[in-house]
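Geometric and topological summary
The residues making up each chain are set out below.
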Amino acid sequence: MFRYALRRLIIMVPIGIIVTFIVYAMVFALPGDPIQALSGGKPLAPSVIAAKRAYYHLDDPLFSQYLHFMGNLLQGNLGQTFDGQDIGEQLALRWPVTLQLGLTALAIQTVFGLLFGIYAGWRRDGLVDRALLGATLAVLAVPGLVVMFFAQSVFSVQLGWFPVSGSADGWPTSYLLPATVLGVLGFAGLARITRTSLAEVAGADFVRTGRAKGLSPQRILWRHVLRNALLPVITYIGLDLAGTLGGAIITEGIYNLNGIGQFMFRSIGMKEGGVVVTLSTVLLIGYMVVNLIVDLLYGLLDPRVRHV
Amino acid sequence: MSSPALVVATETEPTAEDAPAGAAALRELLRKPRFVLSGVVILVIVAMAAFPRLFTSADPTACNLRYSKIGPSAAHWFGYDIQGCDYFANVIYGARPSVLVSVSVSLVGFVVACTLGMLAGYFPGFVDGLVSRTADVLFALPGIVAMIVILQAFSARSVWTIAFVIVLLGWPAGMRLMRSTVLSVRSREYVLAARVLGATAPHILRKHIFPNSVAPLLSLTTLSVGVAVGTEAALTFLGIGLQPPTISWGLQIAIAASYRDDIHLFVFPALFLTLTVMSFMMMGDTVRDALDPKLRK
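Residues numbered from 1 in each chain as written. Chains lettered and ligands numbered in written order. Predicted model: local features only at pLDDT ≥ 70, side-chain atom pairs only at ≥ 80, totals over all residues.

Turning to the overall build of chain B, a few remarks are in order. Within chain B one finds 13 helices and zero strands. Moving toward the C terminus, one meets the helices and strands of chain B in the order α-α-α-α-α-α-α-α-α-α-α-α-α. Overall, the C-alpha framework of chain B stretches about 80 × 45 × 30 Å when taken along its three principal axes. Looking at chain B residue by residue over its 297 residues, the buried ones come to 48%. A sequence separation of at least 24 residues applies to 72% of the contacts in chain B between residues at least 6 apart. (Helix = DSSP H or I, 4+ residues; strand = E, 2+ residues; numbered from the N terminus. Buried ≥ 20, exposed ≤ 12 C-beta atoms within 10 Å, placed from the backbone. Contact = placed C-beta atoms within 7 Å.)

See below:
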């Protein structure tokens, strides 16, 4: 298992290099001049432009810019944005917002998703099961954008239960509404997958054997069925976790939370290659590590899956 | 946040077991009220996209600022927008981008995923390596970030630009599903028999592999139509999708975001958008149930 993990970690290196290079090249190819944008379109002295361009290595070829940037990144030096702010400091300011939002949402969706999913799958075709299938289809079918707006209009603007936007009130007040909306959206998918997987495993031969030899239903569910049914559920949670930041761009935009998502969105507009690639690298490493953990968990949960 | 696309991809499993053939599946589908209902809604929306004049005689661009933001009335069901244009006409005309994006994304995406998936599944080694590794890289790209960066590069964005970006970043999911089904079909007896009889690879792919492995991808595609509509609206809302003077639901919602007191500006496009996505999802769900023999037990 250790050798398997090591091999997987080594494969990550070339994929990481290719992906970060693609992102860097895409930002490099964006139209517009970031230095000119600093002065808001007013003419700048040629000497100023030249100094700035030299400082940010803007006139180097794509490859050497990328190598220079990655070299600094590996040394822990994230560089500066074009308006002279330290990227590392900016990120440190914004991480907590996105983390609080994401973790609250994740907690809501996991607790409710697993509870309802397990119950509905175990009592298949029961009342809860039917209600859950209908409700989750509805949640999945309403675009996330519409749900977020609707919740904001009703619960914040009309009823005044939550702050309308911003994170000034801190956790949990400011995060409760956006995190609940995100959590409900995620809950639908998780509950459906748990339910389907559990219902499928519940029909397996070993469940009948367990019943025949007189095991209590509770023991069959928690010790035998669940352990086998969790594989797809874990895959889903893993992928979902890795995609959290992508979703944060829209949520943070609507609820005006000043987190990583908004920072990323603005940075793409400003052609801040450094910020975009740093964040993409973090996302990428997160995605690959989560995938690895999921694969390793497979082996722990199901001894038939062996990693050699 | 979980994207519906993820649920769709995780819920659809590769199966190659006696999926009912076209006519039988269709007959069974037509007996399901959910399928018929969603089918009717989709037909109406498509008709709205193709012939908006059937539904409204008002010109969506004939505006009078004096009527700005007036609420719904008997003569003007949906009221007026910021510019004082008839909102009903605008919402009707807004169907076109959504339908165009969803239809083109699903058609092109299906063809790309199907072709590459069959090639990767049938030709192990170099072809499979090339296609699968490319898919790995695209999968690892943070999806929405890549979309934003690519869309920023276009100064003028049309429906086709958005459809292109969604397909470009979305094909790996369908390709992987198709590839895994093809992998299980390629070692079946009838394929081996055809090969022994001297059939060429294109013939086997077309006559034996394709019909026996296409069902899972088909249901994945119908389910992702709704996802594509939602993606277009979200991108447009972020300001990197369609631009005025294009009329689209995403744009209308984005504008309504700044005028919270005039709730009708938000409600009507959101309602139509939700109805469209929901119908496509419901249709995809029933199609999947009909095509997946495991779920029919």
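The structure having been displayed, the exposition proceeds.
Our next topic: the UniProt feature "transmembrane region" (unreviewed entry) in chain A. Residues and elements named next belong to chain A. Sequence positions flagged by UniProt for "transmembrane region" (unreviewed entry) are, in local numbering, residues 9-30, 99-120, 132-155, 175-193, 229-255 and 275-301. Secondary structure over residues 132-155 splits into 92% helix and 0% strand, and the C-alpha atoms at its two ends are 24 Å apart. In residues 275-301, the share of helix is 100% and the share of strand is 0%. The end C-alpha atoms are 38 Å apart. (UniProt positions renumbered as here; feature names shortened; annotations may be inferred.)

Attention shifts here to the UniProt feature "domain: ABC transmembrane type-1" (unreviewed entry) in chain B. Feature annotation in UniProt places "domain: ABC transmembrane type-1" (unreviewed entry) on residues 99-284 of chain B, given in this structure's numbering. When the span residues 99-284 of chain B is considered, its composition is 81% helix and 0% strand, and the gap between its end C-alpha atoms is 16 Å.

This part covers the UniProt feature "transmembrane region" (unreviewed entry) in chain B. Residue and element names in this part refer to chain B. Within this structure's numbering, the places UniProt gives as "transmembrane region" (unreviewed entry) are residues 35-55, 99-123, 135-154, 160-178, 217-242 and 263-283. Along residues 35-55 the backbone is 76% helical and 0% strand, and the end-to-end C-alpha distance reaches 24 Å. Between the end C-alpha atoms of residues 160-178 there is a gap of 25 Å, over a span that is 100% helix and 0% strand.

You can read the domains of chain A as domain 1 (1-82 + 270-308) and domain 2 (95-260). Domain 1 of chain A and domain 2 of chain A are separated by 31 Å when their C-alpha centres are compared. (Domains from an automatic or database assignment.)

A word on the packing of helix α7 (residues 144-158) of chain A against helix α8 (residues 173-202) of chain A. Residues and elements named next belong to chain A. In the contact formed by α7 and α8, the axes pass within 10 Å of each other and the chain directions differ by 140 degrees. If you check the angle between α7 and α8, you find them oblique. Pair α7 / α8 crosses with right-handed handedness. Between α7 and α8, the contacting residues are Gly144, Val147, Met148, Ala151, Phe155 and Ser156 on the first element and Leu177, Val181 and Leu185 on the second. (Axes fitted to C-alpha atoms, helices over the stretch in contact; angles between N-to-C directions. Parallel < 35°, antiparallel > 145°, perpendicular 65-115°, else oblique. Left-handed = near helix turned anticlockwise from the far one by under 90°.)

Counting residues at the interface gives 41 residues for chain B and 51 residues for chain A. Among the elements of the structure, α1 (4-11), α6 (126-140), α7 (143-153), α11 (215-237) and α13 (264-291) of chain B are those that each provide at least two residues to the side of chain B that touches chain A. The class makeup of the residues in the side of chain B that touches chain A is 28 nonpolar, nine polar and four charged. (Nonpolar A, V, L, I, M, F, W, Y, C, P; charged D, E, K, R; others polar.)

Residue and element names in this part refer to chain B. It is at 10 Å that the axes of α7 and helix α8 (residues 159-185) come closest, and there the two elements cross at 145 degrees. Crossing of α7 over α8 shows right-handed handedness. Counted together, Gly143, Ala146, Met147, Ile150 and Leu151 of α7 and Thr161, Val165 and Leu169 of α8 form the full contact between these two elements.

For α8 of chain B, with 27 residues, the first-to-last C-alpha span of 37 Å sits near the 39 Å given by 1.5 Å per residue. Within α8 of chain B, the axis deviates most sharply at Gly170 of chain B, by approximately 45 degrees, and proline Pro172 of chain B lies no more than four positions further along. (Expected span 1.5 Å × (residues − 1). Bend = angle between axes of the 7 residues up to and from the residue.)

This part covers the environment of Cys114 of chain B. Residues and elements named next belong to chain B. One can find Cys114 in helix α5 (residues 95-122). Overall, Cys114 belongs to the buried group, with 22 C-beta atoms counted inside 10 Å. Sequence-wise, Cys114 and Asp285 are 171 residues apart; in three dimensions their C-alpha atoms are separated by 20 Å. Among all residues touching Cys114, those that are not within four sequence positions of it are Met178, Val214 and Leu217.

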